[in-house]
Amino acid sequence: QWSNKSKVEALDSISSPHHLSEVVSRTLANACSVLLFAHGNTTKTEVKAICARVEECFASKAYAGRQGKVEDLSKRMVQLEEGADLNCLLTHPNPKEPNSCCYSYFQLGQDTPRLHALASLMAHLLKEPVFSTLRTKQQLGYIVWRGIEVSNGIIGYYIQIVSGMYQANFINQRIQEFLESFFSQNLKMMSAEDFAQAKKSLTGKYEEKDVRMDRENSRYWTEINTSRYHFNRRLGIVGCLRKLALKDVIGLYEKKLLPGSPSRAYMSVQIGSQHKKEHPEGEQKQPPPPSPGSPGGLEANEKKEEVTVRGKADDESPWINFKAMSPLFPERSHIYTSQLRKAAL
């Protein structure tokens, strides 16, 4: 949420240990709640004793007289505009940093059992081709990550590439070209047998039992920490997976990933190195400077087909201006257990 630059400035404002104590006490008193999860070889009595000890600590000094549950201020995601690609062109502040990075994010919508199953299957089909094409064959970067991402109840798909050879805008161009070629040459041409095998493989992963306690603990804690409490979520996802057809995946891909789609909500964060990079077609062109009248480096063309945010990677002002002008998704929606059970039938 905060850049390293802002964190350093906040630390520099602390003048003494006494000042730090006052800031911490004031912060905890105004915006603090305790969520405790005990899992494993412990008894109910022991857990209650731990809770009592925590409450005892918070009952002193600044917390005295404070009653009731602290309001849960759920984070809300920016709702990206459909059909308008958002390009965040940033320069790394360290002149000695040789690497560039391109993070391509495709916002799919509010997380439901069916959309989660559909996005997971789409990501499963893309997993090997993304790596083999962009990493092994084209050698765009030494790090190539891809997969689904769920943040505050909103699910998306991402591709991230870190390169020491190419600038981020060239990597972004290659990602778009890959998405087009994979759709026409692979996904639309996929046989029913290959699709059935991929779906079976993914379903088997969701049906795997937790082989270690830390994995089970992580799964439970995620449900608690996101205020969802759907401890059998995987059952609902598996139920939806079994009902999916290839046309469903093609429809989602065509709407949400394919370049030029009027329904695509897309953001590309491109952090460029100040080092000169190689380019197959010659010298890499640098992006033009921000428009003089654009607030915080924010630009948009008349057709709203592309929005550009420019700045340095450690400068928050362009992001603050962008978020202030962007709509937000509704407060995190809850998919109740009854819906998950219905999906599993």
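Whatever comes next refers back to the structure up there.
Structure report, in brief. (Residues numbered from 1 in each chain as written. Predicted model: local features only at pLDDT ≥ 70, side-chain atom pairs only at ≥ 80, totals over all residues. Heavy atoms only, no water.)

Observations concerning the overall build of the protein
Working step 1: Secondary structure summary: the protein contains 11 helices and seven strands in total.
Working step 2: In the protein, once contacts between residues fewer than 6 apart in sequence are set aside, the share between residues at least 24 apart is 80%. (Helix = DSSP H or I, 4+ residues; strand = E, 2+ residues; numbered from the N terminus. Contact = heavy atoms within 4.5 Å.)

What about unusual backbone geometry?
Working step 1: Of note in the backbone geometry, glutamine 139 takes a positive phi value of approximately 50° without being a glycine.
Working step 2: On the secondary structure map, glutamine 139 appears in the loop between helix H4 (113-137) and strand S3 (143-151).
Working step 3: Phi is positive for asparagine 152, close to 55°, though the residue is something other than glycine.
Working step 4: For asparagine 152, the position within the fold is in the loop between S3 and strand S4 (154-163).

A few points about the environment of asparagine 94
Working step 1: Within the secondary structure, asparagine 94 is located in the loop between strand S1 (85-91) and strand S2 (100-110).
Working step 2: Expressed as a C-alpha distance, the spacing of asparagine 94 and glutamine 274, which sit 180 residues apart in the sequence, is 7.8 Å.

A few points about the environment of asparagine 217
Working step 1: Mapped onto the elements, asparagine 217 comes out in helix H7 (residues 213-225).
Working step 2: Remark: the alpha-carbon pair of asparagine 217 and alanine 38, spanning 179 residues in sequence, is separated by 9.2 Å.
Working step 3: What asparagine 217 contacts, discounting residues up to four positions off in sequence, is Phe37 and His39.

So, the packing of aromatic side chains
Working step 1: Taken as a whole and assessed by the stated rule, the structure comprises 10 aromatic pairs.
Working step 2: Ring geometry for tyrosine 103 against tyrosine 158: centres 5.7 Å apart, planes inclined by 20°, an arrangement best described as stacked. Here tyrosine 103, found in strand S2, pairs with tyrosine 158, found in strand S4; they are 55 residues apart in sequence, far enough to count as distant.
Working step 3: Tyrosine 158 sits in the buried class, given a relative accessible area of 17%.
Working step 4: Between phenylalanine 182 and tyrosine 253 the ring centres are 5.9 Å apart and the planes differ by 40°, which places this aromatic pair in the tilted class. Remark: tyrosine 253 occurs in helix H9 (residues 246-256) and phenylalanine 182 occurs in helix H5 (residues 168-187); sequence separation between them is 71 residues. Both residues of the pair, phenylalanine 182 and tyrosine 253, count as buried.
Working step 5: Cluster of aromatic residues (ring-pair linked, three or more members): Phe37, Tyr220, Trp221 and Phe231. (Phe/Tyr/Trp six-rings, centres within 6.5 Å; stacked < 30°, edge-to-face > 60°. Buried < 20%, exposed > 50% of the residue type's maximum accessible area, 1.4 Å probe, protein only.)

Remarks on the side chain of aspartate 248
Working step 1: Structurally, the position occupied by aspartate 248 is in helix H9.
Working step 2: Residue aspartate 248 is classed as buried on the basis of its relative accessible area, which comes to 19%.
Working step 3: Reaching out from aspartate 248, the side chain makes a polar contact with the backbone nitrogen of alanine 245 at a distance of 2.8 Å.
Working step 4: In contact with aspartate 248, other than residues within four places in its own chain, are Arg114, Leu118 and Lys243. (Polar contact = N/O pair within 3.5 Å; in protein donor to acceptor, adjacent residues only side chain to side chain.)

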